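Residue-level structure breakdown
Residues per chain, in single letters:
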Amino acid sequence: MWNRSKLKEKAKLGVKRNYWKTVLVALLSALAVGGFAAAGGASHSFASMPDTQSIFGNLPIDAPQNPVVANSISPVFWMLLSVFAILVAAFAIFSVIALVNPFNVGTYKYSLNAIRGEGNISDLGNGFDVSYKRNVKVMFFYDLYSILWTMLFIIPGLIKIYEYRMIPYILADNPDMDKKEVFALSKSMMKGNKWRAFVLDLSFILWDFLSCVTLGLVGTFWVAPYKLLTNAALYDELKQN
């Protein structure tokens, strides 16, 4: 059975060997995920704006002079705004599927190399260069299943998320595996380890709090790299077992 403290010690050594590269990789990964999440949130905000008829209806418009304008501009404006929101949302979803997910596979490839010895920034392109279509397909279903399970049942959804936890690492480490094999291997690796992995995540709470207190400085320069390589160390340990 794997030991949490040993995983963290292994992660610390990996961070020290590859410090600035790991900081950069963790930062780029956070920016990639956060940027497209913000785009999706922006589209939701546009879509949930109040009806422009209620906004413009209170303006002091001279009714005899502008009756047609007052009754026609608002619906057109609202329609264009809705179309724009849909386009932004579609772009965000497409970008996550085609760009962010393969980039994340490259991030996990880097973390595995860093924990095993030396990682290279060029590892970030691994998700695009090696088995790109397979990576896109598997990560799409990984996201889809996680979302659907969570929407249907919160607790079973959380359990499924931990069951799928090793999928990105398996993709990065096994370019020849297909979707069925990847899901089956992650399920096998996490069997009996889901609760312990959850506790591992909880063990970073104080670090996360310190990151918030320092406005993200500690998170950027230590916590994020530390977490990234700790999770890679977990994959390596489960793989060996």
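Residues numbered from 1 in each chain as written. Predicted model: local features only at pLDDT ≥ 70, side-chain atom pairs only at ≥ 80, totals over all residues. Heavy atoms only, no water.

Overview of the packing of helix α6 (residues 132-152) against helix α7 (residues 154-163)
Cut-off, in case you're wondering: Each axis is a line fitted through C-alpha atoms, and for a helix only the stretch in contact is used; angles between axes span 0 to 180 degrees, taken between their N-to-C directions. Starting at the N terminus, helices and strands are each numbered in turn, a helix being any DSSP run of H or I of at least four residues and a strand any DSSP run of E of at least two. For classification purposes, angles smaller than 35 degrees are called roughly parallel, those larger than 145 roughly antiparallel, those between 65 and 115 roughly perpendicular, and all remaining angles oblique. Note: crossing handedness is left-handed where the near helix turns anticlockwise from the far helix by less than a right angle, and right-handed where it turns clockwise. Any pair of residues with heavy atoms lying within 4.5 Å of one another is described as a contacting pair. When residues are sorted by character, Ala, Val, Leu, Ile, Met, Phe, Trp, Tyr, Cys and Pro go into the nonpolar class, Asp, Glu, Lys and Arg into the charged class, and all the rest, Gly among them, into the polar class.
As a packed pair, α6 and α7 sit with axes 6 Å apart at the nearest point and diverge in direction by 155°. Between α6 and α7, the angle falls in the class roughly antiparallel. Crossing of α6 against α7: the hand is left-handed. Contacts between α6 and α7 involve S146, W149, T150 and L152 from the former and I154, P156, G157, K160 and I161 from the latter. Considering only residue class, the contact of α6 with α7 consists of five nonpolar, three polar and one charged.

Considerations on the environment of A26
Heads up, the condition is: Exposed residues in this analysis have more than 50% of their type's maximum accessible area, buried residues have under 20%, and partly exposed residues fall in between, with area computed by a 1.4 Å probe over protein chains only.
If you trace the backbone, A26 turns up in helix α2 (residues 19-47). Look at A26 and you get buried, because its relative accessible area is 10%. Between the C-alpha atoms of A26 and V223, which are 197 residues apart in sequence, the distance is 9.6 Å. In contact with A26, not counting residues within four places along its chain, are A224, P225 and L228.

As for the nonpolar core
Our working definition: The term nonpolar core refers to a set of buried residues drawn from Ala, Val, Leu, Ile, Met, Phe, Trp, Tyr and Cys, joined through side-chain atoms within 4.5 Å.
Of all hydrophobic cores here, the largest spans 40 residues; its most connected members are M166, I167, L171, L229, L234, Y235 and L238. Going through the elements one at a time, α1 (4-17), α2, α4 (67-116), α6, α8 (167-173), α9 (179-190), α10 (194-202) and α12 (217-240) are the ones with two or more residues in this core. By residue number, the principal contributor to this core is α12, which donates eight residues. Every residue in contact with I167, bar those within four places of it in the chain, is listed here: V138, Y142, V182, F183 and S186.

What to know about the pattern of salt bridges
Put simply, the rule reads: Salt bridges are defined by distance alone: a side-chain nitrogen of Lys or Arg within 4 Å of a carboxyl oxygen of Asp or Glu.
Tallying each qualifying case throughout the model produces nine salt bridges. A salt bridge links K160 to E163, with the shortest nitrogen-to-oxygen separation between them at 3.2 Å. Taken together, the positions of K160 and E163, both in helix α7 and three residues apart, correspond to about one turn of that helix. Across the pair D208 and K227 runs a salt bridge, and its minimum N-O distance is 2.8 Å. In this pair, D208 is assigned in helix α11 (residues 205-213) and K227 in helix α12, connecting sequence segments 19 residues apart. Judged by its relative accessible area of 27%, K227 is partly exposed. Within this structure, K10, R116, D173, D236 and K239 form a network of salt bridges that share partners.

Overview of the packing of α6 against α9
Where α6 contacts α9, the axes come no closer than 10 Å and their chain directions differ by 50°. With respect to α9, the element α6 is oriented oblique. Where α6 crosses over α9, the handedness of that crossing is right-handed. Taking contact as the criterion, the partners of R134, K137, V138, F141, Y142 and Y145 in α6 are, on α9, K179, V182 and F183. Considered class by class, the residues forming the contact of α6 with α9 number six nonpolar, no polar and three charged.

Honestly, it's all geometry; don't read function into it.
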